[in-house]
Amino acid sequence: MASSKEYLNFILEQLSELEDVSYRTMMGEYIIYYRGKVVGGIYDDRFLVKPARSAVAMMPNADMELPYEGAKEMLLVDDVENKEFLRDLLDAMYEELPAPKKKKK
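All residue numbers refer to positions counted from 1 along the written sequence of the respective chain. Residues qualify for local features only when their pLDDT is at least 70, as the model is predicted, and side-chain atom pairs are given and counted only at 80 or more; totals for whole chains, interfaces and linings, by contrast, use all residues. Excluded from the side-chain calculations are hydrogens and water; all other atoms, namely the structure's heavy atoms, are used.

Chemist: Explain the overall build of the chain to me, please; I cannot follow it from the model alone.
Modeler: What counts as a helix is a DSSP run of H or I of at least four residues, what counts as a strand is a run of E of at least two, and both are numbered from the N terminus. Scanning the chain from terminus to terminus reveals 3 helices and 6 strands. Computed over the C-alpha atoms, the radius of gyration of the chain is 13 Å, within 12% of the 13 Å expected from 2.2 N^0.38 for a compact globule of 105 residues. Seen through its principal axes, the chain has C-alpha atoms that stretch 40 × 30 × 25 Å. Only protein chains enter the accessibility calculation, which uses a 1.4 Å probe; a residue whose area is less than 20% of its type maximum is buried, one above 50% is exposed, and one in between is partly exposed. Out of the 105 residues belonging to the chain, those deemed buried represent 39%. Should any heavy atoms of two residues lie within 4.5 Å, those residues are counted as being in contact. By sequence separation, contacts in the chain at least 24 residues apart represent 52% of the contacts at least 6 residues apart. For a compact globule the rule gives 2.2 Å times the number of residues to the power 0.38, and the radius of gyration it is set against comes from C-alpha atoms.

Chemist: Hey, could you run me through the layout of surface pockets in this one?
Modeler: Think of a ball as big as a water molecule: rolled over the atoms, this probe shows where empty space is left. Points on a 1 Å grid, built from protein atoms alone, make a cavity when a 1.4 Å probe fits but cannot get out and make a pocket when they are open with protein on both sides within 12 Å along at least 5 of 7 lines; residues with an atom within 4 Å of a point are the lining residues. Grid points are joined across faces, edges and corners, and a volume is the space filled by probe spheres set on the points. Quantified by volume, the largest pocket comes out at close to 410 Å³. Around the largest pocket, the lining comprises 15 residues; the ones closest to its centre are M26, I31, Y43, Y68 and M74. A per-element tally of the lining of the largest pocket places strand 3 (residues 37-43) first, with 3 residues. One number sums up the size of the second largest pocket: a volume of about 250 Å³. For the second largest pocket, the full set of lining residues is R24, Y33, G36, K37, V38, K50, P98, A99, P100, K101 and K103. Residues were grouped as follows: Ala, Val, Leu, Ile, Met, Phe, Trp, Tyr, Cys and Pro as nonpolar; Asp, Glu, Lys and Arg as charged; and all remaining residues, including Gly, as polar. When the residues that make up the lining of the second largest pocket are grouped by side-chain class, the tally is 5 nonpolar, 1 polar and 5 charged.

Chemist: Quick question: what am I supposed to make of the pairing of strand 1 (residues 21-26) here?
Modeler: Look at any regular strand and the pattern is simple: side chains alternate between the two faces of the sheet. DSSP-based pairing: two strands are paired if at least 2 bridges between them are found. With 6 bridges connecting them, strand 1 and strand 2 (residues 29-34) associate as antiparallel partners. Note on strand 2: the bridge partner recorded for V21 is Y34. From the end of strand 1 to the start of strand 2, which pair antiparallel, there are 2 residues, and M27 there has a positive phi angle of about 55°.

Chemist: I keep staring at the sheet that holds strand 6 (residues 74-76) and nothing clicks. Help me out?
Modeler: The strands that make up a sheet are held in pairs by hydrogen bonds between backbone atoms, and each pair lies either parallel or antiparallel. With respect to topology, 6 strands assemble into an open sheet ordered 1-2-3-4-6-5, the strand pairing being antiparallel. Every other strand in the sheet has two partners, leaving strand 1 and strand 5 (64-65) as the edge strands with one partner each. Of the strands in this sheet, strand 1, strand 2, strand 3 and strand 4 (46-49) touch helix 1 (residues 5-14), which is tilted by about 160° from strand 1. Angles run from 0 to 180 degrees between N-to-C directions of axes, and those axes are lines fitted to C-alpha atoms, restricted for helices to the stretch in contact.

Chemist: Please explain unusual backbone geometry as it appears in this structure.
Modeler: Comment: phi is negative for the bulk of residues other than glycine, and the bulk of peptide bonds are trans. One non-glycine residue, D20, lies in the positive phi region at around 65°. As for its position among the elements, D20 is in the loop between helix 1 and strand 1. At R35, a position not held by glycine, the phi torsion is positive, near 50°. Topologically, R35 is positioned in the loop between strand 2 and strand 3.

Okay, structure coming up:
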């Protein structure tokens, strides 16, 4: 099941307090970037983030879910209504996430 554009727009609005949040469509789902780094994505109308140490610490009871078959598990963000929490979550995760890979020419 693909994610809806409405859910994407809702999540983007919830992340609007952060600068430089973007997304890319991939196979009916959406990859979410913060300041150029992949933080997670929207899969089947669920907001999932990478299980960075800071994210696990901020959401110790979060469910680990598969974004799609064959992928690594990610953390399900339940508190998507809380803009302040989402801002703090992405800010905390940013330093731990790897830099984007350089594209080969």
